Amino acid sequence: MLKSKKIAGLLFAFALMAGTAAVAQTPAMQQQQEVDVDVSDAELSKFAKAYQGLRMMNQQVNQKMMKTVQDGGMEVQRFNEIHQASQDPNKEVEASEEELEQHAAILSEIEGMQGEFQKKMETTIKDQGLTVERYQKLAMALQSDQELQSRLQKMMQQG
């Protein structure tokens, strides 16, 4: 159950944030995640295509999750406030019993979508000829490797 809540939290962070998937990190986390990796242009191109596919999927999932929240009778912002408070023992939010019940019902429905979303993500990555593990390693390397970031940006601008 804890893993399920953690995955749901990641999905919220991934899907309900508009725009980029920037994650604030402490310097210690960045040091742990620095990855030295050799990447050919062909492999970087595969990564770029998978990344673009995941971004499009993210937009679809974002819309689906927002619709689920709204269909459940809540505003997205209020749902997020309650959800964040439920994940952080140091954070409190005043919520009525009805709101807590709505939140639980919506969360259950969203958790039910997780498996489908995860399979689609994996398929998108594999369709480009990468493993999920390699995609993640490249994504981690991109966080700290300026030269690799520049290569990817040029590649994505060229289409």
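Residues numbered from 1 in each chain as written. Predicted model: local features only at pLDDT ≥ 70, side-chain atom pairs only at ≥ 80, totals over all residues. Heavy atoms only, no water.

Re the pattern of salt bridges
Quick reminder of the rule: One speaks of a salt bridge when a side-chain nitrogen belonging to Lys or Arg is within 4 Å of a carboxyl oxygen belonging to Asp or Glu. The helix and strand labels rest on DSSP assignments: H or I over at least four residues marks a helix, E over at least two residues marks a strand, and numbering proceeds from the N terminus. Burial classes: relative accessible area under 20% of the type maximum marks a residue as buried, over 50% as exposed, and values in between as partly exposed (1.4 Å probe, protein chains only).
Following the criterion strictly, the structure yields eight salt bridges and no others. The residue Lys64 makes a salt bridge to Glu116 at a minimum N-O spacing of 3.8 Å. You can see Lys64 sitting in helix α3 (residues 41–71) and its partner Glu116 sitting in helix α5 (residues 97–127), a full 52 residues away along the chain. With relative accessibility at 38%, the residue Glu116 sits in the partly exposed group.

Looking at the confidence of the model for the chain
Low pLDDT means the predicted atomic positions in that stretch should not be read closely. Definition in use: For every residue, the predictor reports its confidence as pLDDT, a number between 0 and 100. Throughout, a residue-residue contact means that at least one pair of heavy atoms, one from each residue, lies within 4.5 Å.
Here the chain shows a mean pLDDT of 81. Residues at 70 or above account for 77%. Counted against residues more than four places away or in other chains, residues 1–10, with its pLDDT under 50, gives nine contacts. Long-range and interchain partners of residues 12–33, a stretch whose pLDDT sits below 50, account for 24 contacts in this model, where long-range means more than four residues apart.

Examining the nonpolar core
Where a protein is soluble and globular, its nonpolar side chains tend to be buried together. This is how it is decided: Think of a nonpolar core as a cluster: buried Ala, Val, Leu, Ile, Met, Phe, Trp, Tyr and Cys residues, connected wherever their side-chain atoms sit within 4.5 Å.
Judged by nonpolar contacts, the single largest core of 29 residues is most densely connected at Phe47, Val69, Ile110, Ile125 and Tyr135. Listed by contribution, the elements that provide at least two residues to this core are α3, α4 (76–87), α5, α6 (132–144) and α7 (146–158). With nine residues, α3 is the single largest residue contributor to this core.

As for α4
Here is the rule we go by: A helix's residues, less one, multiplied by 1.5 Å, set its expected span.
Given a rise of 1.5 Å per residue, twelve residues ought to cover 16 Å, and the 16 Å separating the end C-alpha atoms of α4 matches this to within 8%. Inspection of α4 places Val76, Arg78, Phe79, Asn80, Ile82, His83 and Ala85 among the buried residues, and these make up the whole buried set.

Focus on the packing of aromatic side chains
How we decide: Ring pairs are drawn from Phe, Tyr and Trp, using the six-membered ring of Trp, whenever the two centres fall within 6.5 Å, and their geometry is named by plane angle: stacked under 30 degrees, edge-to-face over 60, tilted for the rest.
The full count for this structure, using the stated rule, is two aromatic pairs. Ring geometry for Phe47 against Tyr51: centres 6.3 Å apart, planes inclined by 10 degrees, an arrangement best described as stacked. Here Phe47 and its partner Tyr51 are both found in helix α3, four residues apart, which amounts to about one turn of the helix. Ring centres 4.5 Å apart and planes at 20 degrees place the aromatic pair Phe47 and Tyr135 in the stacked group. Taken together, the positions of Phe47 in helix α3 and Tyr135 in helix α6 put the pair 88 residues apart, joining distant regions of the chain.

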